[in-house]
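# Inside the fold
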Amino acid sequence: MLMRARLPTHDELAEIYAPEYFKASAEDPADGYADYLGDAERHRQTARRRLSLIDRFVPSRGRLLDVGAAAGFFVDEAIGVGWDAEGIDIAAQVVEWGQRELDVPLRVAEVSDVQERGAFAAVTMWDYIEHSLDPAGELARSNELLADGGIVALSTGDLDSVAARVSRSRWHLLTPRHHNFFFSASTLVRLLDRSGFEVVWLGHPGARYSVAHLAYKLDRGARTAVTAAAARRIAGSRVGRYGLPLNLYDIVTVVARKVNPLL
């Protein structure tokens, strides 16, 4: 596991996850999303696949807490299949959008703010733990929030993947302004074990991404005038919304069951 040289303070987080993080502008690309809300259907497709995965490891759908929920697309899909789901995130603007437009239970909060010990059947952290200021602490807190036998499910970049090793400093997930910790599959498994969990599933499933998002990510890696111009043209075109399946096998997904309560 690697971490950035200096972790941001809590006071800096509002600026780091400002609206520009969720929708890039030509003037100030922020190494976040090309258009997070515009890619809603892609997020929903991924959410449905993830829900099918965690259903394999829970006896029944109960309460679910989604950490790093953003606008709440995963929460909305979870409610749609019978979960009593809610989400938390620190980015107030997208939380407010989800509350208003999706009418889902979201709030601006961190894991440490949730007080209901033993209340949840599942805690999810999709593409979140790399943003955390304290991954070990948040997994330990998740252990407390889960009922006996509950699961935590998460995804994050895999530092030991071929794509990460070949790309080195140009790896698309090396965005130190937003990502604080970088894991390999093996270090993640060890961290979960120390946090009272047993891994029951680990894999590198792919996803669908909009052409606009892929062009944006290519530009953020290349950082040339040509790729920047191409990304802007694609973002404004109909083809930019088309979804493509992609798997670089550099994002690891893990489902782990609570086996030991932390005292």
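Everything in this summary refers to the structure shown in the same document. All values reported here derive from a predicted model rather than from experimental measurement.

Our focus in this paragraph is the sheet that holds strand β5 (residues 120-126). Read from one edge of the open sheet, seven strands run β4-β3-β2-β5-β6-β11-β8, paired in mixed fashion. Each having just a single partner strand, β4 (106-108) and β8 (197-203) make up the two edges of the open sheet. On average, each strand axis in the sheet is inclined to that of its neighbour by 20 degrees, with strand direction left out of account. Looking at chain direction, β5 and strand β6 (residues 146-157) are connected through six bridges and run parallel. Paired with V123 across the bridge in β6 is V152. Docked against the sheet, helix α4 (residues 73-80) engages β2 (63-67), β3 (84-89), β4 and β5, running at close to 175 degrees with respect to β3. Packed onto the sheet, helix α8 (residues 185-194) meets β6, β8 and β11 (251-258) and runs at close to 155 degrees relative to β8.

So, on to the nonpolar core. If you look at soluble globular proteins, the nonpolar side chains tend to sit buried side by side. One finds F22, I54, L64, W83, I151 and V255 to be the most contacted residues of the largest nonpolar core, which totals 35 residues. Secondary structure elements with two or more residues in this core: α1 (10-16), α2 (19-22), α3 (40-55), α4, α5 (92-102), β5 and β6. Of all the elements, α3 adds the most residues to this core, at five residues. With residues near it in sequence (within four places) discarded, W83 still touches L51, I54, D55, V58, S60, R61, G62, R63, L64, A78, A121 and A122.

Our next topic: the packing of α3 against α4. Two quantities define a packed helix pair, namely the angle between the axes and the distance from one axis to the other. Axis separation between α3 and α4 bottoms out at 9 Å; the angle between their running directions is 50 degrees. When the interaxial angle is binned, α3 and α4 end up oblique. Seen along the crossing, α3 lies across α4 with a hand that is right-handed. In this structure, α3 contributes A40, H43, R44, A47, R48, R50 and L51 to the contact, and α4 contributes F73, F74, D76, E77 and A78.

About the thresholds
- Residues numbered from 1 in each chain as written.
- Predicted model: local features only at pLDDT ≥ 70, side-chain atom pairs only at ≥ 80, totals over all residues.
- Heavy atoms only, no water.
- Pairing = 2+ DSSP bridges.
- Helix = DSSP H or I, 4+ residues; strand = E, 2+ residues; numbered from the N terminus.
- Axes fitted to C-alpha atoms, helices over the stretch in contact; angles between N-to-C directions.
- Contact = heavy atoms within 4.5 Å.
- Core = buried A, V, L, I, M, F, W, Y, C linked by side-chain atoms within 4.5 Å.
- Buried < 20%, exposed > 50% of the residue type's maximum accessible area, 1.4 Å probe, protein only.
- Parallel < 35°, antiparallel > 145°, perpendicular 65-115°, else oblique.
- Left-handed = near helix turned anticlockwise from the far one by under 90°.

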